[in-house]
Amino acid sequence: MLKVICISAMVGFITFYSYTQRSFSGLVLDRKTKEKLIYCHIINLKTQSIYITNADGEFKINEPDLADSLKISYLGYIDLIISMSTLLRSNIVYLDQDNILMSEVNIKLNDKEILKLIGTAGKKFRRTKSFKSKAYLELYSEDKGDHIELMQSYYNVNCKGAHVSDFAIKAAKIALTANNEKLFVNLGSTFALTRLNPISKSLEYPLNPLNLSKNQLAKKYYIRAISGFDAQSDVAHLAFEPIKLSDTTDYFTGEIWIRKSDQQTMKLKLLSSDAKYHPFKPIRKQDTLKKVAIEMNYYFNDVNTKHRLTLLTFDYGFDYINSESDQFKYRKIHTEGLLHLYDEKELFFIPLLEIDSLYNDYIKASLIPFDSVFWQKTQSVPVTEKQL
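We now examine a positive patch on the surface. Together, Lys 108, Lys 112, Lys 116 and Lys 214 make up a positively charged patch on the protein surface. Assignment of secondary structure puts Lys 112 in helix 3 (residues 112-127).

This brings us to unusual backbone geometry. Positioned with a positive phi, Tyr 39 is a non-glycine residue whose angle comes to about 60°. Along the polypeptide, Tyr 39 turns up in the loop between strand 2 (23-30) and strand 3 (41-44). Even without being glycine, Lys 144 reaches a positive phi, approximately 55°. Within the secondary structure layout, Lys 144 lies in the loop between strand 9 (131-143) and strand 10 (146-160).

Should their charged atoms come close, side chains of opposite charge can pair. Applying the stated criterion to the full structure yields 16 salt bridges. A salt bridge links Asp 143 to Lys 182; its shortest N-O distance comes to 3.9 Å. With Asp 143 in strand 9 and Lys 182 in the loop between strand 11 (163-177) and helix 4 (189-194), this residue pair connects regions lying 39 residues apart in the sequence. A residue is classified by how much of its surface remains accessible, and Asp 143, at 1% relative accessible area, is buried. For Lys 182, a relative accessible area of 11% puts it in the buried group. Close ionic contact of Glu 204 with Arg 195 constitutes a salt bridge, the shortest N to O distance being 2.7 Å. Sharing partners across several salt bridges, the network here consists of Asp 143, Asp 146, Lys 182 and Arg 331.

Note on sheets: strands pair through backbone hydrogen bonds, and any given pair is parallel or antiparallel. The strand order 5-2-8 describes an open sheet built from three strands, whose pairing is mixed. With partners counted over all chains shown, the strands left at the sheet margins are strand 5 (58-62) and strand 8 (92-95), one partner each. Each strand of the sheet is rotated relative to its neighbour by a mean of 30°, with strand direction disregarded. Pairing of strand 2 with strand 5 involves five bridges; the strand directions are antiparallel.

What follows is about the sheet that holds strand 3. Spatially, four strands are ordered 4-3-6-7 in an open sheet, and the strand pairing comes out antiparallel. Both outer strands of the open sheet, strand 4 (50-52) and strand 7 (80-83), are each paired with one neighbouring strand and no more. If you compare each strand with its neighbour and ignore which way they point, the axes differ by 25° on average. Alignment of strand 3 against strand 4, held across three bridges, turns out to be antiparallel. Bridge assignment links Ile 43 to a residue of strand 4, and that residue is Ile 50.

Calculation notes
- Residues numbered from 1 in each chain as written.
- Predicted model: local features only at pLDDT ≥ 70, side-chain atom pairs only at ≥ 80, totals over all residues.
- Heavy atoms only, no water.
- Patch = residues over 30% accessible without salt bridge, like charges linked within 9 Å, V, L, I, M, F, W, Y side chains within 5 Å.
- Areas by Shrake-Rupley, 256 points an atom, 1.4 Å probe, with all protein chains shown as cover.
- Salt bridge = Lys/Arg side-chain N within 4 Å of Asp/Glu carboxyl O.
- Lys, Arg positive; Asp, Glu negative; His and termini not counted.
- Charge placed at Lys NZ, Arg CZ, Asp CG, Glu CD.
- Helix = DSSP H or I, 4+ residues; strand = E, 2+ residues; numbered from the N terminus.
- Buried < 20%, exposed > 50% of the residue type's maximum accessible area, 1.4 Å probe, protein only.
- Pairing = 2+ DSSP bridges.
- Axes fitted to C-alpha atoms, helices over the stretch in contact; angles between N-to-C directions.

Structural data, given as structure tokens:
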């Protein structure tokens, strides 16, 4: 059971919230397999607002306008453009697989064409201009399958390429477990996200191919083409892994999808099953973390004539060794979440409050008065059944 905490200027104010809102809820499926398509992008072609499906393939649009048209896209599938009036007749959208993108290819490991493509994609990131956007952050944590934390918050963020460098908080809602013995909070999630820039080396994360020169890349990684190197396909799908087994704690494994026509990255997936370098620290110095696993997924789309980051999903877990509790000495913490950058045309108005950048996320949230009207009207990602 989770207890819902609406943090306001009144310390300790606890309430449960519910509301009704004029909105449209839909579901995106694979037409052939009927599989739910997770983190599918829905872009309003008139307003350029962006919606995404959740882990159940569901999406929600507040105050839909019948005159709007939507582009629904998912990597590996054919884009669908549909009017809002048509969408309102049925809440299920079917997408067709792009068989050209799915086709297998035969190209040798670390081929010169592959290395050049990754190098050019990295240069594109470095040359891109920064932008600001409204963003929705959602974070959900479990301890051995028990729900222990749900945080939903809104920010103005600053982003360049794949790097989100700054979070200015607008609003937050937090739900924590009612079992005080299992209480656990992620105090610095936004800080952890700012510490990873895929094109820059970091002391707090493993390295990845975009951090390396062409010569370093060939020495440290095996890179193979999964699909996309035939004349018909415009998206190259590559997989990478460290050459040496001993490097797997220092270097990410993963995958990258690159559009060949302009060398823009469409998606970047970074994985580490036991990261030596990470930004996570226990609440007490005498506690320890072991077997830190990290997964980061960066999604990019063409929005308002700009190719930019629209979604970052993160998943991390570790064994938490508690020095002060015998009953809960060994805890297996798993956190998953997303950061959805959905509107760069009109940022949130944020009052001038003295919020120190070194404050943790919970302190920042406690300084913002709870506004029920804001939560009723503001775009969000539907909560999944697992999170309820």
